[in-house]
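# Inside the fold
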Amino acid sequence: MSSLALYRRYRPESFAEVIGQEHVTDPLQQALRNNRVNHAYLFSGPRGCGKTTSARILARCLNCEQGPTPTPCGECQSCQDLARNGPGSIDVIEIDAASHGGVDDARDLREKAFFGPASSRYKIYIIDEAHMVTPAGFNALLKVVEEPPEHLKFIFATTEPEKVIGTIRSRTHHYPFRLVPPGTLRSYLADVCGRENSPVEDGVLPLVVRAGAGSVRDSMSVMDQLLAGAADDGVTYAMATSLLGYTDSSLLDSVIDAFAAGDGAAAFEVVDRVIEGGNDPRRFVADLLERLRDLVILAAVPDAGEKGLIDAPADVVERMQAQASVFGAAELSRAADLVNDGLTEMRGATSPRLQVELICARVLLPAAFDDERSMQARLDRLERGASAAAAASFAAPPAAAVPMGYVPGPEAHAPQAHAPQAHVPQAAPADPAGPDSARAAVRGEAPPRARRLCAARRPGPQAPAEPAAVPSPRRGPRPRAAAGSWPTAAGGEQARRPGGWPTASAPGSGPATPPPSHPHPHPHRATPPRRPRRRAARAWPRAPARSGACGPTSWRR
């Protein structure tokens, strides 16, 4: 196998092979088709995203014998010289501005630029790291860049376009390059591993993409390192985590579960395992922040894994979904903010372990803070505890039914003689405003004291004339209502009005009337009764002079 670096062996040779930069390659190919090529270009963007490679491809397209063309033939001498492993062309000059950015280098370039190409169509200068050119050097190049000869082309590549002076930048076509998306880069790395015939576990490629941070060259370098140290079984997840310095997912799962359960002992035990294992505490906190970020997204978007919002294997996404369902939105947001603040405080810290333990303590103790986020986290924790208690109560076997509402006492069902005569009231206290008076008013009867006066003035109780007593359809005597209990319903002969109050009058003792709105009943009046005149030392009116049955119909003012 060749010892050439992986990113050099798989360097693109045409615009079609460049990944993740379609916003640059498509306009350049169209300009080549239209034969509207500018004399100077400025390629800017992060490192390893294809600036220098695209500049070489553009030079190859311009000097191809079939060109200018967007697809070089690859067979002519110019295409072979500028190929992936070619010797290079004498008419395509690459200059490293980091070491050749002075005014003397710019003057030397200007003097040689006016000579025509040796064997190609154009003489092309590729100035890499153009931001390293001094202002005096740019000023020396200004005239030749502004009005170059017909055979001269300039391509500037830089990571900091703002450092290129405006007079040079205004005379070029600026194409900004971007970082490659993780999904595109992961697919490209999987294809490269397939070409290398090296098996790779599922969790390795996301780690490589994360280590590369969107740079194709950096990702290829990391992948080359892993492939170089792989055994016969290929690149394993344990090997990748130990070599790249990332925290193992089991440690992250343990600390997240400890945060969810509020278990400080488990959280500090994880911190001890991280330190004793030789892991970088700052890397552990950064990985924990990344995990909290994934949980926040999963809590808001349950199908984030399918939409590509989270770059992780399927089993890891499934575990994170279970973890996100335990936390509340406020808890996750607060924990992520605290970890982010702690990661910032760890820069230059003399005791990284202490900083990690303080971060865990702050996450575990929301009650120690009185800010809004801590209050919301405490509410989420209370709601989670209430939900767990409710689930446990539903899962438990049903307990014995507890009687609810009014339950009459045993004395309420004592036997009592049932006769079709006037209801004989129970003995009442002398106070006319006692509870028996209130119950009598509800039943529509006279107060107990008035009934006693009426009974004392007449010779004896007289039953109302009825043809015959109607036998009760119930078996046994009617239960007698106890003092303090609710009145029972009327007998079978007097049906209760739907929606009305139940009465306790026996059959034949009078119609059951709804509860009056005043202690003094006035059944003969349709309008509310007038307020009675107050009498000295009397709370109820006198009994009527004429003898007769004492009932609601015999009262008058």
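See the structure printed just above.
Presented here is an overview of the structure given in this document. (Residues numbered from 1 in each chain as written. Predicted model: local features only at pLDDT ≥ 70, side-chain atom pairs only at ≥ 80, totals over all residues. Heavy atoms only, no water.)

### Concerning the overall build of the protein chain
Heads up, the condition is: Numbering of helices and strands runs from the N terminus; a helix is a DSSP stretch of H or I covering at least four residues, while a strand is a stretch of E covering at least two. Only heavy atoms enter the contact rule, under which two residues are in contact if any of them lie within 4.5 Å.
Within the protein chain, the secondary structure is distributed over 21 helices and five strands. Relative to all contacts within the protein chain whose residues are 6 or more apart in sequence, the contacts with residues 24 or more apart total 70%.

### Structural notes on the sheet that holds strand 3 (residues 123–128)
What holds strands together in a sheet is hydrogen bonding between their backbones, with the strands either parallel or antiparallel. What counts here: Following DSSP output, two strands are said to pair if at least two bridges run between them. Angles shown run from 0 to 180 degrees and are taken between the N-to-C directions of axes, each axis being a line fitted to C-alpha atoms and, for helices, limited to the stretch in contact.
On the basis of which strands lie adjacent, the open sheet formed by five strands has the order 2-3-4-1-5 and parallel pairing. The sheet is open, and its two edges are formed by strand 2 (92–96) and strand 5 (173–176), each paired on a single side. Direction aside, the axes of adjacent strands within the sheet are offset by 15 degrees on average. Across the sheet, helix 6 (residues 135–146) touches strand 1 (40–44), strand 3 and strand 4 (152–158), and the angle it forms with strand 4 is around 130 degrees.

### Re unusual backbone geometry
Leaving glycine aside, a negative phi is the common case for residues, and trans is the common case for peptide bonds. Stated formally: Classification of residues uses two cut-offs on accessible area relative to the type maximum, computed with a 1.4 Å probe and protein chains only: under 20% is buried, over 50% is exposed, and between them is partly exposed.
Notably, Glu129 is not glycine yet its phi reads approximately 55 degrees, a positive angle. Following the sequence through the fold, Glu129 ends up in the loop between strand 3 and helix 6. Note on Glu129: relative accessible area 27%, which makes it partly exposed. At Ala213, a residue that is not glycine, the phi angle is positive and equals roughly 55 degrees. By secondary structure assignment, the location of Ala213 is in the loop between helix 9 (204–212) and helix 10 (216–228).

### Here's the deal with the side chain of Asn38
Our working rule: By the criterion applied in these results, polar contacts are pairs of N or O atoms within 3.5 Å in which, for protein atoms, one can donate a hydrogen and the other can accept it, and in which residues neighboring in sequence qualify only through two side-chain atoms.
Here Asn38 is to be found in the loop between helix 2 (22–34) and strand 1. By relative accessible area, which is 16% here, Asn38 ends up buried. A distance of 3.4 Å separates a polar atom in the side chain of Asn38 from a polar atom in the side chain of His39. Polar contacts involving the side chain of Asn38 include one to the main-chain carbonyl oxygen of Ala40, which spans 2.7 Å. Non-local contacts of Asn38, meaning those with residues more than four positions away in its chain, are made with Lys153, Arg171, Thr172 and His173.

### A few points about the pattern of salt bridges
What counts here: We define a salt bridge as a contact between a side-chain nitrogen of Lys or Arg and a carboxyl oxygen of Asp or Glu at a distance within 4 Å.
For the coordinates displayed, the defined rule picks out 19 salt bridges. Residue Arg210 is joined to Asp287 by a salt bridge in which the shortest nitrogen-to-oxygen separation is 2.6 Å. In this pair, Arg210 is assigned in helix 9 and Asp287 in helix 14 (residues 281–300), connecting sequence segments 77 residues apart. Given a relative accessible area of 33%, Arg210 falls into the partly exposed group.

### A look at helix 6
Filter applied, for reference: Multiply 1.5 Å by the residue count of a helix minus one, and that product is the helix's expected span.
With 12 residues, helix 6 should reach 16 Å at 1.5 Å per residue; the first-to-last C-alpha distance of 16 Å fits that figure. By the burial criterion, the buried members of helix 6 are Gly137, Phe138, Ala140, Leu141, Leu142, Val144 and Val145. In this structure, the buried residues of helix 6 make contact with strand 1, helix 5 (103–113), strand 3, strand 4 and helix 7 (166–169).

### What about helix 9?
Burial within helix 9 is extensive, with seven of its nine residues counted as buried. Taken from the residues just after helix 9, Ala213 is the one with a positive phi, measuring 55 degrees.

### Some words on the nonpolar core
To keep it simple, the criterion reads: Among the buried residues, those of types Ala, Val, Leu, Ile, Met, Phe, Trp, Tyr and Cys that are joined through side-chain atoms within 4.5 Å form a nonpolar core.
Counting residues in each nonpolar core, the largest one holds 37 residues, and the members touching the most others are Phe259, Phe284, Val285, Leu288 and Leu292. Listed by contribution, the elements that provide at least two residues to this core are helix 12 (249–261), helix 13 (264–276), helix 14, helix 16 (314–326), helix 17 (329–345) and helix 18 (352–364). Not counting the four nearest positions on each side in its chain, Leu292 is found in contact with Ile256, Leu332, Ala335, Ala336 and Val339. If you look at the next biggest cluster of nonpolar residues, it comprises 24 residues, including Cys193, Val204, Val216 and Val222.

### Focus: the environment of Val235
For Val235, the location among the structural elements is in the loop between helix 10 and helix 11 (237–244). Sequence-wise, Val235 and Val200 are 35 residues apart; in three dimensions their C-alpha atoms are separated by 4.8 Å.

### Details of a negative patch on the surface
Stated formally: The residues that make up patches have over 30% relative accessible area and no salt bridge, and they are joined within 9 Å when like-charged or within 5 Å when they are Val, Leu, Ile, Met, Phe, Trp or Tyr. Residue burial considers only the protein chains on display, and all accessible areas are found by Shrake-Rupley using a 1.4 Å probe. Counting rule applied: Lys, Arg positive; Asp, Glu negative; His and chain ends not counted. Positions of charges follow a simple convention, taking NZ of Lys, CZ of Arg, CG of Asp or CD of Glu.
Judged by side-chain charge, Glu201, Asp202, Asp232, Asp233, Asp315 and Glu318 come together as a negatively charged surface patch. Tracing the backbone shows Asp315 in helix 16.

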